[in-house]
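Breakdown of the fold
These are the residues of each chain, in order.
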Amino acid sequence: MSKFLKLFFLLLLSGAMCFSLACGDDDDDDNDDADVDDDMGDDDTGDDDVDDDVNDDVDDDVDDDVDDDVDDDVDDDVDDDVDDDVDDDVDDDVDDDNPDPGEGGPDAFGYTWSSMAEPFVWEDISDGNLGPAGDDLVSDAIDIGFNFSFYGMVAKGSPVQISTNGHLSWDGTTYFGVDCSGGYIYSYAGYWTDINASSMGVIYYKTVGDAPNRKFITQWDAVPSYDDEGDVATFQVVLEEGTNDIVVYVKDGFDAAMSNMAIRGVGTGEYLSAYCDSPVVTTSRTTDFAVRFSYPDVAFVDLTPDEGNDHGDLGDEVTYEMTVLNLTGAEATFTINCTGNAWTTVCPADITVANVDIGTFDVTVTVDAGASYEDTDAVTVEVTDGANSDTSTLTTLATDQVFTDDGTAENGLMPWGEGSMYLKRFTPDEYPANVSQVSVWLSTLSGYTSNYEVVVYHDADGADPSDATQLWSSGVQTTVPPIWTDGAFYDYDTTAKFDDINEGDFLIGMIWHNNESPFLGNDYSVEYDENSISKSCYYLPCTWSTLDYGQYMIRYRN
């Protein structure tokens, strides 16, 4: 009610009081007036006094009511002003502490990010599964329940790992130091920072919704920064089915500036940071902040492996399993073409794959029965839907068993002492067995020369190398091969140089015939084990020992 209406109402009320007190027309009022006149005579003083008293009381009441109303209105106005000021102050504080809405990208893959109009949609999942707890930890792989493309990488169920440091990982790595250039770690998405969830805070994860619009939500709940347990944050990283977008929701951010809200793949330029080294949203202020990393509008198909290498004995069938990843934006049927092969090769005609899904098919190569050992045959495999295509090359080797043949080597062994020997133990898959080729990696130190010998031994009992029998030797090599100075693999053909073995192991390696010997490289593709042995003659008598290195390139055949 306005102040004017309130005052008008009170005036009407006072008027009504006046009529009832002094202006009545009934007989009782007349008699009372007569009595008063009689008692007081012609003196009007009494009437004046009564009127004055009544009027004063009415005026006082009216004034009080008006004053009260005015006070109430003033109070209301003051309260409104105070509320406005508080709201303004809060708004100012919120605006000051929020990062400015922004957008950015694309990166090399095509991702963009935006916080311009992204709604804050918080779906609490504290009833979900428990994630890792501790410092600088990464969980085991988690099946999120649907296929998700991250920088074009998709696996069935799109397994992902959760890091205590505020991000998801696709390669199982994390790091406590934040780098705004995206360094240290790859294949991550989220709110990367140094968090210690050992004694407080909880990490949850859960897949929600129905296909084809499911979401995988990971929630870091009241987790503390490593340096300050009083500085806690609550936020989520959400993977969306269908869109392949990644959304970060910050409910309560860290006070300290120490975070990188970003995504990163593995390829050059596959990195996009929205906010780095910024408080983003602090615990004492706003809680409604969201950033969306949008998957690009790209269409392609990916055929793996890009290159395949396998082997088989003469007449054997060698099968390659091929994988087709469809990221064309819709279900597609891909024609499969196999070309360039000389040996019999069987490929299916086509394959249909749903969008953001994986299909598999087999390519079968038959090693020609008339081929020679060490012969190879290559086939080019293509998948295409007319608009998108990819190819792979498969190379098949005619031999029975290949231990390793990736053509790379690293690390070095420096044997010392005349007669020192480094050997690698190989156990055949089946018998009879023989050796078709030995490859060793050679390099030298500047100014050094060497006399060396490549050897193959047979260890019948598979236990004590000291009783092994030598099957073949390259002889002492006094002439340095042309590739010697650059360091490379050098092949020794041993085909049909000795009889097959029917039991035990092969020991293959090198003997050194002076102290100035070359480096012997080990093949990186073979995992380190304790099947490498050595005979050291630096001090006499020579002694045998087991090594954790010293692999050699070797191929077997029946």
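Here the structure is a predicted model, which is why all the values come from computation and not from measurement.

So, the overall build of the protein chain
- On a plain count of helices and strands, the protein chain comes out with three helices and 34 strands.
- Counting across all 558 residues of the protein chain, residues that qualify as buried make up 43%.
- Once local pairs closer than 6 in sequence are excluded, the contacts in the protein chain between residues at least 24 apart make up 68%.
- Roughly 27300 Å² of accessible area belongs to the protein chain as shown, and the carbon and sulfur atoms make up 46% of that amount.

Thoughts on the nonpolar core
- Formed by 44 residues in total, the largest nonpolar core has its most connected members in Phe235, Ile246, Met261, Ile263 and Phe293.
- A total of four residues in this core trace back to one element, the largest contributor, which is strand β9 (residues 232-240).
- Not counting the four nearest positions on each side in its chain, Ile263 is found in contact with Tyr111, Phe150, Tyr151, Tyr188, Ala189, Ile246, Glu270, Tyr271, Leu272 and Phe293.
- The next biggest cluster of nonpolar side chains, apart from the first, holds 22 residues, and it includes Val301, Met322, Ile336 and Ile351.

What to know about a negative patch on the surface
- Side chains of Asp227, Asp228, Glu229 and Asp255 sit close together on the surface and give a patch of like negative charge.
- Structurally, the position occupied by Asp228 is in the loop between β8 (215-224) and β9.

A look at a nonpolar patch on the surface
- On the surface, Met153, Tyr186 and Val266 cluster together into a nonpolar patch covering about 270 Å² of accessible area.
- Position of Met153 among the secondary structure elements: in the loop between β3 (129-130) and β4 (161-162).

Digging into the side chain of Glu270
- Relative to the helices and strands, Glu270 is located in the loop between β11 (260-264) and β12 (271-276).
- For the buried Glu270, which has no salt bridge, the nearest side chain bearing the opposite charge is Arg264, at an N-O separation of 8.0 Å.
- With residues near it in sequence (within four places) discarded, Glu270 still touches Asp107, Ala108, Phe109, Tyr151, Ile263, Arg264 and Gly265.

Let's talk about the pattern of salt bridges
- Evaluated as defined, the whole model comprises seven salt bridges.
- The shortest N-O distance in the salt bridge between Asp127 and Lys206 comes to 3.2 Å. With Asp127 in the loop between β2 (112-114) and β3 and Lys206 in strand β7 (residues 202-208), this pair connects stretches of sequence that are 79 residues apart.
- Note that Glu241 and Arg214 form a salt bridge whose closest N and O atoms lie 2.8 Å from each other. Residue Glu241 is located in the loop between β9 and β10 (246-252), and its partner Arg214 is located in the loop between β7 and β8; the two are separated by 27 residues in the primary sequence.
- A relative accessible area of 13% means that Glu241 is categorised as buried.
- Take Arg214: its relative accessible area is 22%, and that puts it in the partly exposed class.
- One network of salt bridges, in which partners are shared, links Glu118, Glu240, Asp245 and Arg292.

Focus: the environment of Pro212
- Mapped onto the elements, Pro212 comes out in the loop between β7 and β8.
- By relative accessible area, Pro212 is classed as exposed at 53%.
- As for Pro212 and Glu241, which are separated by 29 residues in sequence, their C-alpha atoms are 6.4 Å apart.

Observations regarding the state of the cysteines
- Following the criterion strictly, the structure yields two disulfides and no others.
- Through a disulfide, Cys180 is tied to Cys276; the S-S separation comes to 2.0 Å. Since a negative S-S torsion denotes a left-handed disulfide, the Cys180-Cys276 link at about -90° is left-handed. Of this pair, Cys180 sits in the loop between β5 (167-169) and β6 (188-192) while Cys276 sits in strand β12, and the two are 96 residues apart along the sequence.
- Given a relative accessible area of 21%, Cys276 falls into the partly exposed group.

Brief notes about the pairing of strand β20 (residues 357-366)
- Of all ten residues making up β20, seven are buried, and the element is well covered by its neighbours.
- As paired strands, strand β16 (residues 317-327) and β20 are joined by ten bridges and run antiparallel to one another. Within β20, the residue paired with Val318 across the bridge is Val365.
- Taken together, the two bridges between strand β18 (residues 345-346) and β20 define a ladder with antiparallel strand orientation. Bridge pairing in β20 places Thr345 opposite Val365.

Describing the environment of Val324
- By secondary structure assignment, the location of Val324 is in strand β16.
- In this structure the C-alpha to C-alpha distance between Val324 and Phe334, which are ten residues apart in sequence, comes to 9.0 Å.
- Setting aside anything within four residues of it in sequence, one finds Val324 in contact with Val301, Asp302, Leu303, Phe334, Ile351, Val353, Asp357, Ile358, Gly359, Phe361 and Val383.

A closer look at the confidence of the model for the protein chain
- Of all residues in the protein chain, 62% attain a pLDDT of 70 or more, and the chain-wide mean is 74.
- Scored below 50 in pLDDT, residues 73-96 makes five contacts in the model with residues more than four places away or belonging to other chains.
- Across residues 281-286, where pLDDT falls below 50, the model places 20 contacts with residues more than four positions away in sequence or in other chains.

About the criteria used
- Residues numbered from 1 in each chain as written.
- Predicted model: local features only at pLDDT ≥ 70, side-chain atom pairs only at ≥ 80, totals over all residues.
- Heavy atoms only, no water.
- Helix = DSSP H or I, 4+ residues; strand = E, 2+ residues; numbered from the N terminus.
- Buried < 20%, exposed > 50% of the residue type's maximum accessible area, 1.4 Å probe, protein only.
- Contact = heavy atoms within 4.5 Å.
- Areas by Shrake-Rupley, 256 points an atom, 1.4 Å probe, with all protein chains shown as cover.
- Core = buried A, V, L, I, M, F, W, Y, C linked by side-chain atoms within 4.5 Å.
- Patch = residues over 30% accessible without salt bridge, like charges linked within 9 Å, V, L, I, M, F, W, Y side chains within 5 Å.
- Salt bridge = Lys/Arg side-chain N within 4 Å of Asp/Glu carboxyl O.
- Lys, Arg positive; Asp, Glu negative; His and termini not counted.
- Charge placed at Lys NZ, Arg CZ, Asp CG, Glu CD.
- Disulfide = S-S within 2.5 Å.
- Pairing = 2+ DSSP bridges.
- pLDDT = per-residue confidence, 0-100.

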